[in-house]
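Structural overview for review
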Amino acid sequence: MNNLTQISTFAIEKEKDNTVNFKNIVNNYKHYWYIFFIAVIIMLSVAFVYLLFAEPVYEIKASLLINQDNNQNTQQQQSVLDKIDLPSTSEITENEIAKLKATNLIQQVVTDLNLATTYKVKKGVAYKELYTSLPFKFIMVKLNPNFTDDKREVNITIKDTGAFFYKNANDKLEGFKFNTNVTSDIGTWKLVPTPNIGFFKNANIKVALLDPEKAALIYQKSINATLEDKLASAVDLTINDNIVQRGKDILNHLIYVYDNAEVQQKTKETKSTINFIDQRLASLTGDLTNSEKNIATFKSSNQLTDIESTSKYNLDNLQANDARLNEINVQLSIVDGIEKYINNPSNKGKAPAAIGIADPTLVSSIEKLSQLELQKEQMLATTPETNPDFEQINRQIQTTRASIKENVQNIKSSLLNAQNKMQAVNSHVESSITNIPVQEREYLSIKRQQSIKENLYIYLLQKREEVSLNYAKTVKNYRVLDNAYSGPLKWPKKSIVYAAAFLLGLVLAMAFIYFKEKLNNAIINPEEIEEETKLQILNEINKNTSKDPIVINNKNNSLISEQFRTLRSKLHYLTDRNEKSRVILLTSSVSGEGKSFISSNLGIVLASTGKKTIVLELDLRRSKLTEIFKLSKEHPGITDYLLDKATINDIIRPSEIIPSLDIISGGSVDSNPSELLESEQLNQLINELKNTYDNILIDSPPVHLVADALILSRVAQITLYIVRQGFTKKSELKFINQLHEEGKIPQMHLIFNGVSNKRYGYGYGYDNSYYSSIKIKSA
């Protein structure tokens, strides 16, 4: 239970510390409000100038609808001679997106629109890019192969409609006429004027040349192709450009180039199929001609004009079996063609179509092989075959070929088995007509061969016409929903620019203040004191902005007077209540930290309660109390008393401010003040004053400069050590900590003096934590 209580107490104290620290940070930066104001004004001015010169960027869009082909006819059972189809592929939207961003298409767009060459005209101190209204066209006649610098620029100044000036590599102007070849470090080129040349007289034009391949990569990254909806097939094409017309031209031309590429690919597939059918027709034409010649020769030699009716029945049965056998032979012929293509790895053209093969696996495998071969040919057009990208596609082609080969072997084995069975049936039928004359049997055999060739020839001829119609009418696999159009202004947006400038101004100001304080050797924050020492701050005294060092009076209820009253209350808890009088020593590290200021005003605030109070000016080397209370310097003081030149009554004089407050000044100057302060007479003086006064304040010299304060500490009960903000060096903190650890000064407490009102508010941020650490003396 005790552990839980301790943990809870620690958490509450930690939360309080964090809250205090946050408030201190805010108050710390509030002091530098003018730096924030200046930084924000500067950054807003920079933003205003940026908006004046920044080129607007627009988002250009275009939309395509990809047609998804979900036809699955290849999975349906079809008759062998029922249909021949071209290879068909389901258009996947993701694949079309990849095609739209293909490097070869982007390069074609860059080349067609001459995007690798940009023109800028000088307007004032900046250059503005031109696109539609060009004064001339830059034509590169021959590029210098030895010029390897990526920055290729040509500076042109138009003289008139017939001539121009060119700034060479030595920054010298050379005059040339339009349409004449110019040789420079980048190569040979010429300028061809346009009808707009008259509007650009004396204009300075900068022509920038970029390598077309690099330009294509830049535009490839800038063009985005995305799915508008994952469940739909609509593709959005977008590009950001500062010239709206150029962005529109890029997207529209990309769609045009994509369309041409699709048409060329499908045309290539169609031509490949037609070539295959033409080869088969050429082969069958010769076979059919020979069969017809054999029939004519047989009839002529045997003088046969008609077939006997008695053989009609057997012939019908034989022809029915032959029809089925013909189908098997056609399939075997097709399978043989596919097998020859697969077994010969050197064949890299279009794979033969699976004509009449009712096996969906074989058809899909051949279609896949065709796609892979076409894909490889496309890659070979732009990439050498040694490129590692070919490893994957070569493996896919090899795997697909192996799959087709295995499938063909299985189909061929099945067809051969069926062929053997049908031939056995035909042998049986032929045996039943053994009585038919030999001439007639020979005639039927020749006629059967001629019929097979004729049926196959007519079928292929019909399919060739169908393929030719498809070749004439290529259906697009997409539809343009929206041609390129310009959207709203993409950049710069004033609200975002000004907001970013405002935030950046705040960040820069905070960074400046942070590093300024880090580099500052003086103590600024009370946290610096508590981090370096084991002491806490008893009280904060704000900076006195008035010229009068006395800030305590009946008419003054200012913040600083309230702080002195708070200090008076805290001192009440630091002494034994049974003691009639208390002696408070005020010291600091160096001179100028406010000891005399605090001594005088603390004396006034203590005396204002009616308590008899006296302030002793024991900084004998530098008297300040006399000036603060505006007393005569000729009056005897401490030095005179210690030298037996004056009595106690002689040196005590009223403050003239409050009746219960008296002052003992330093008196005459002595060469050895430290020896005087070590005398027994000082102890007697303090003891006698205790009989009369409730509070005795000792304004002592800086302890780090002279030893007087350490000497005086023997007569004091409480020590108030003054640290002044922005004045006391951070290096003094080690000395202060050393004094505390060695116990050379009794009841040492810190006063943080000179705190800015704007920086730390009322200075009460450390009261609660300090009270909790004070041990109240018992009666």
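Just so we're clear, the structure is a prediction, and the values are computed from it rather than from any experiment. (Residues numbered from 1 in each chain as written. Predicted model: local features only at pLDDT ≥ 70, side-chain atom pairs only at ≥ 80, totals over all residues. Heavy atoms only, no water.)

1. What about the overall build of the protein?
Counting its regular elements, the protein contains 23 helices and 21 strands. The buried share of the protein, reckoned over its 779 residues, is 42%. Long-range contacts, defined as pairs at least 24 residues apart, comprise 78% of the intrachain contacts of the protein with a sequence gap of at least 6. (Helix = DSSP H or I, 4+ residues; strand = E, 2+ residues; numbered from the N terminus. Buried < 20%, exposed > 50% of the residue type's maximum accessible area, 1.4 Å probe, protein only. Contact = heavy atoms within 4.5 Å.)

2. Some thoughts on the sheet that holds strand β14 (residues 537–542)
One open sheet holds the eight strands; their spatial order is β14-β21-β20-β15-β19-β16-β18-β17, and the pairing between them is mixed. Every interior strand has two partners, whereas the edge strands, β14 and β17 (653–654), have only one. Sheet analysis places β14 next to strand β21 (residues 748–755), joined by five bridges and oriented parallel. Within β21, the position partnered with Ile537 by the bridge is Leu750. (Pairing = 2+ DSSP bridges.)

3. A word on the pattern of salt bridges
Using the criterion set out here, one finds 13 salt bridges in the structure. Across the pair Asp336 and Lys412 runs a salt bridge, and its minimum N-O distance is 3.5 Å. Here Asp336, found in helix α7 (residues 312–343), pairs with Lys412, found in helix α9 (residues 389–432); they are 76 residues apart in sequence, far enough to count as distant. Residue class for Asp336 comes out partly exposed when judged on its relative accessible area of 28%. (Salt bridge = Lys/Arg side-chain N within 4 Å of Asp/Glu carboxyl O.)

4. Brief notes about the nonpolar core
Formed by 32 residues in total, the largest nonpolar core has its most connected members in Phe564, Leu571, Leu602, Phe629, Leu661, Leu720 and Ile751. At the level of secondary structure, the elements contributing two or more residues to this core comprise β14, α13 (559–572), β15 (582–588), α14 (595–607), α15 (625–628), β18 (661–664) and β20 (718–724). Of all the elements, α14 adds the most residues to this core, at seven residues. Residue contacts for Leu720: discarding those within four places in its chain leaves Leu538, Leu571, Ile584, Leu585, Leu586, Thr587, Leu602, His749 and Ile751. In terms of nonpolar packing, the next biggest core, distinct from the first, is built from 31 residues, Leu284, Val330, Ile334 and Ile397 among them. (Core = buried A, V, L, I, M, F, W, Y, C linked by side-chain atoms within 4.5 Å.)

5. Things to note about the packing of helix α2 (residues 33–53) against helix α11 (residues 494–519)
In contact at an axis separation of 8 Å, α2 and α11 are set at 145 degrees when each is read in the N-to-C sense. You can see that α2 and α11 cross each other, and the crossing is right-handed. Partitioned by chemical class, the residues of the contact of α2 with α11 number 21 nonpolar, one polar and one charged. (Axes fitted to C-alpha atoms, helices over the stretch in contact; angles between N-to-C directions. Left-handed = near helix turned anticlockwise from the far one by under 90°. Nonpolar A, V, L, I, M, F, W, Y, C, P; charged D, E, K, R; others polar.)

6. Points about a nonpolar patch on the surface
Together, Trp33, Tyr34, Phe37, Ile38, Ile41, Ile42 and Val46 make up a nonpolar patch on the protein surface, roughly 700 Å² of accessible area in all. With respect to the helices and strands, Val46 occurs in helix α2. (Patch = residues over 30% accessible without salt bridge, like charges linked within 9 Å, V, L, I, M, F, W, Y side chains within 5 Å. Areas by Shrake-Rupley, 256 points an atom, 1.4 Å probe, with all protein chains shown as cover.)

7. Description of the sheet that holds strand β3 (residues 126–130)
As a general point, the strands of a sheet are linked pairwise by backbone hydrogen bonds and lie either parallel or antiparallel. In space, the six strands of this open sheet follow the order β3-β2-β10-β5-β6-β7, with antiparallel pairing throughout. Because the sheet does not close on itself, it has two edges, and the strands there are β3 and β7 (173–177). Here the strands of the sheet are splayed against their neighbours by 30 degrees on average, with no regard to which way each runs. Here five bridges tie strand β6 (residues 163–167) to β7, and the two strands are oriented antiparallel to one another. Paired with Ala163 across the bridge in β7 is Lys177.

8. Structural notes on helix α4 (residues 103–113)
Among all positions of α4, only Leu105, Ile106, Val109 and Val110 are buried. Seen along its axis, α4 keeps its buried residues to an arc of 140 degrees; they face one direction. Positive backbone phi, approximately 55 degrees, marks Asn114, located one or two places after α4. (Arc of directions from axis to C-beta.)

9. Re the packing of aromatic side chains
One pass over the structure, following the stated rule, counts ten aromatic pairs. Judged by centre distance (5.3 Å) and plane angle (80 degrees), the rings of Tyr514 and Phe515 are edge-to-face. Through a chain of ring-to-ring contacts, the aromatic side chains of Tyr119, Phe136, Phe138, Phe164, Tyr166, Phe176, Phe178 and Trp189 assemble into a single cluster. Residue placement shows Lys206 over the ring face of Tyr127; its charged tip is 4.4 Å from the ring centre. Lying across the ring of Phe727, Arg724 places its NZ or CZ 5.2 Å from the centre. (Phe/Tyr/Trp six-rings, centres within 6.5 Å; stacked < 30°, edge-to-face > 60°. Lys NZ or Arg CZ within 6 Å of the ring centre and 35° of its normal.)

10. Focus on the packing of α4 against helix α5 (residues 212–222)
At a closest axis distance of 9 Å, the pairing of α4 and α5 adopts a crossing angle of 110 degrees. Here α4 lies roughly perpendicular to α5, going by the angle between them. By crossing handedness, the relation of α4 to α5 is classed as right-handed. For the pair α4 and α5, contact is made by Thr103, Ile106, Gln107 and Val110 and by Pro212, Glu213, Ala215, Ala216, Tyr219 and Gln220, respectively. Of the residues that constitute the contact of α4 with α5, the class distribution is six nonpolar, three polar and one charged. (Parallel < 35°, antiparallel > 145°, perpendicular 65-115°, else oblique.)

11. Details of unusual backbone geometry
The residue after Trp491, namely Pro492, is reached through a cis peptide bond having omega 0 degrees. With a phi angle near 55 degrees, Asn114 is a residue other than glycine that sits in the positive phi range. Relative to the helices and strands, Asn114 resides in the loop between α4 and β2 (117–123). On the accessibility criterion, Asn114 (37% relative accessible area) is partly exposed. With phi around 55 degrees, Lys630 is a residue other than glycine that occupies positive phi space. The topology assignment puts Lys630 in the loop between α15 and α16 (638–642). A relative accessible area of 73% places Lys630 in the exposed class.

12. Some thoughts on the side chain of Ser63
With respect to the element layout, Ser63 can be found in strand β1 (residues 57–66). According to the relative accessible area criterion, Ser63 is buried, its value standing at 7%. Contact partners of Ser63, with chain neighbours within four places excluded, come to Val235, Asp236, Arg479, Val480, Leu481 and Asp482.

13. Brief notes about the confidence of the model for the protein
This prediction gives the protein a mean pLDDT of 80; 84% of its residues lie at or above 70. Low pLDDT (under 50) marks residues 758–779, which in the prediction has 59 contacts with non-local residues, meaning those over four places away or in another chain. (pLDDT = per-residue confidence, 0-100.)

14. Thoughts on the pairing of β20
On any regular strand, side chains alternate: one points to one face of the sheet, the next to the other face. Taking burial as the measure, the seven residues of β20 include six buried ones, the bulk of the element. What joins β20 to β21 is helix α21 (residues 732–742), and the crossover it makes is right-handed. (Right-handed = clockwise from strand over helix to strand, strands pointing away.)

15. A word on α13
Between its first and last C-alpha, α13 extends 20 Å over 14 residues, near the 20 Å set by a 1.5 Å rise per residue. When α13 is considered as a whole, its buried residues turn out to be Ile560, Ser561, Gln563, Phe564, Thr566, Leu567, Lys570 and Leu571. (Expected span 1.5 Å × (residues − 1).)

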